[in-house]
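One letter stands for each residue in the lines below.
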Amino acid sequence: QVQLVESGGGLVQAGGSLRLSCAASGRTFSNYGMGWFRQAPGKEREFIATISWSGGYTYYADSVKGRFTISRDNAKNTSYLQMNSLKPEDTAVYYCAARITSPFAAMNWGAYDYWGQGTQVTVSS
């Protein structure tokens, strides 16, 4: 079992920044890939970013490329999503996810085994 707890969401003005954290527990964090997704009201869950076990490989959705940065600190069992130049269309519930069956990154939500409870990010115009 893996427990994931997101934090760092909130209300921010357009152009501002937030850093989300995802604290993991239950299994060796450095053994598995991590991802971030988001879901806005009335929309499907959307892939945002993913990172491999070592942090050596990352991949982003086009909608956030150049604005968001995914990272991880295996010593702290935590993944981060730094979000800069936020836009109103970034408003959503943000989820982190762990794929304990593989150390690699993945864009498909079905590749992930565990999910956090989500944290709300609201960007005002």
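Note that the structure is predicted; figures quoted are calculated from it, not measured.

Calculation notes
Residues numbered from 1 in each chain as written. Predicted model: local features only at pLDDT ≥ 70, side-chain atom pairs only at ≥ 80, totals over all residues. Heavy atoms only, no water. Helix = DSSP H or I, 4+ residues; strand = E, 2+ residues; numbered from the N terminus. Buried < 20%, exposed > 50% of the residue type's maximum accessible area, 1.4 Å probe, protein only. Polar contact = N/O pair within 3.5 Å; in protein donor to acceptor, adjacent residues only side chain to side chain. Contact = heavy atoms within 4.5 Å. Salt bridge = Lys/Arg side-chain N within 4 Å of Asp/Glu carboxyl O. Disulfide = S-S within 2.5 Å.

> Please give an account of the side chain of R38 that cites residues and values.
Along the chain, R38 falls in strand β4 (residues 33-39). Take R38: its relative accessible area is 6%, and that puts it in the buried class. Side chain to side chain, R38 and Y94 meet in a polar contact 2.9 Å long. If we skip the residues at most four places from it in the chain, R38 touches E44, R45, E46, I48, S63, V64, F68, E89, D90, A92, V93 and Y94.

> Break down the pattern of salt bridges for me, with residues and values.
For the structure shown, the criterion picks out four salt bridges. Between D90 and R38 there is a salt bridge, with its nearest N and O atoms 2.9 Å apart. Separated by 52 residues along the polypeptide, D90 in the loop between β8 (78-83) and β9 (92-99) and R38 in strand β4 bring together distant segments of the chain. Its relative accessible area of 0% is what places D90 among the buried residues. K65 is the partner of D62 in a salt bridge, and the nearest nitrogen-oxygen pair spans 3.1 Å.

> Can you break down the state of the cysteines residue by residue, with the values?
Enumeration according to the criterion identifies one disulfide in this entry. Here C22 engages in a disulfide with C96; their sulfurs sit 2.0 Å apart. The S-S bond linking C22 to C96 shows a torsion near 60°; that makes this disulfide right-handed. In this pair, C22 sits in strand β3 (residues 18-25) while C96 sits in strand β9, placing the two residues 74 residues apart along the sequence. Its relative accessible area of 0% is what places C22 among the buried residues. For C96, a relative accessible area of 0% translates into the label buried.

Function-wise, these values are silent; they only describe arrangement.
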